[in-house]
Amino acid sequence: MNKAETEYPVESGSTFFKGVFIGGLIGAAAALLFAPKPGREMRSDLSEKFSTATDKTKEVAGVVTDKTKSIAATVGEKATDLASTVSAKASDIFTTVNDSKQQIAATLSETGKKIGDTVGSASADVASDVKDASKDVAEEASASSKDIADTANDAKEEVKASYKSSY
């Protein structure tokens, strides 16, 4: 590579083709202007070339328009398909979440009932045990108080007897 090529590298192939195209246009214009033809014939050739270029431009524009419309229609169809797919998936997710929410609520309700039943049963058992324990304590207290009363009466009689014997 020479110094100019290293300092000003070609950035892409499209730059080269633009240069070739512009050079070709300039060369064609110069050839037409310097060709040894009379003015009338030269104008006729220029008019014919201009007409051909205009026709080609219109043809290319028509093809580009058709392609653009085709691409736009395809993009529209794809966007519609994508939107319907996203909508369907979102609906499926919503339904799944709703169903799961209802299942969880039913499970929690059922578990709450079971816990309530268990607590009620345990409460009844505790109440029964307390009642039985109260009866046992009352019976023991009654028996103990009877024994204490008997012991107190015996002690009273002993005190009376010892008091009578002392006098």
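Worth saying up front: this structure is predicted, and the values here are computed from it rather than measured.

A short note on the overall build of the protein
Turning to step 1, where the next piece is worked out: Assigned secondary structure in the protein consists of three helices and zero strands.
Turning to step 2, where the next piece is worked out: Helices and strands in the protein line up, N terminus first, as α-α-α.
Turning to step 3, where the next piece is worked out: Counting across all 167 residues of the protein, residues that qualify as buried make up 1%.
Turning to step 4, where the next piece is worked out: Approximately 14600 Å² of the protein is accessible, and the part contributed by carbon and sulfur atoms is 63%.

Notes on the pattern of salt bridges
For side chains bearing opposite charge, pairing can occur when the charged atoms are close.
Turning to step 1, where the next piece is worked out: Under the counting rule described, the total for this entry stands at one salt bridge.
Turning to step 2, where the next piece is worked out: Between E110 and K114 there is a salt bridge, and its shortest N-O distance comes to 3.5 Å. Residue E110 and its partner K114 are both found in helix 3 (residues 39-166); the two are separated by four residues, about one turn of the helix.
Turning to step 3, where the next piece is worked out: Using a relative accessible area of 46% as the deciding quantity, one classes E110 as partly exposed.

A few points about a negative patch on the surface
Turning to step 1, where the next piece is worked out: Negative charge collects at one region of the surface, where D125, D129, D132, D136, E139 and E140 lie side by side.
Turning to step 2, where the next piece is worked out: The residue D136 is located in helix 3 in this model.

Quick look at a nonpolar patch on the surface
Turning to step 1, where the next piece is worked out: On the surface, F21, I22, L25 and I26 cluster together into a nonpolar patch covering about 440 Å² of accessible area.
Turning to step 2, where the next piece is worked out: Along the chain, the position of L25 falls in helix 2 (residues 13-34).

What about the confidence of the model for the protein?
Residues shown with low pLDDT carry predicted positions that ought not to be read at fine detail.
Turning to step 1, where the next piece is worked out: In the predicted model, the protein carries a mean pLDDT of 83, and the fraction of residues at 70 or more is 89%.
Turning to step 2, where the next piece is worked out: Helix 3 holds the highest mean pLDDT among the elements of the protein, 87, whereas helix 1 (residues 3-7) holds the lowest, 64.

So, how was this worked out
- Residues numbered from 1 in each chain as written.
- Predicted model: local features only at pLDDT ≥ 70, side-chain atom pairs only at ≥ 80, totals over all residues.
- Heavy atoms only, no water.
- Helix = DSSP H or I, 4+ residues; strand = E, 2+ residues; numbered from the N terminus.
- Buried < 20%, exposed > 50% of the residue type's maximum accessible area, 1.4 Å probe, protein only.
- Areas by Shrake-Rupley, 256 points an atom, 1.4 Å probe, with all protein chains shown as cover.
- Salt bridge = Lys/Arg side-chain N within 4 Å of Asp/Glu carboxyl O.
- Patch = residues over 30% accessible without salt bridge, like charges linked within 9 Å, V, L, I, M, F, W, Y side chains within 5 Å.
- Lys, Arg positive; Asp, Glu negative; His and termini not counted.
- Charge placed at Lys NZ, Arg CZ, Asp CG, Glu CD.
- pLDDT = per-residue confidence, 0-100.

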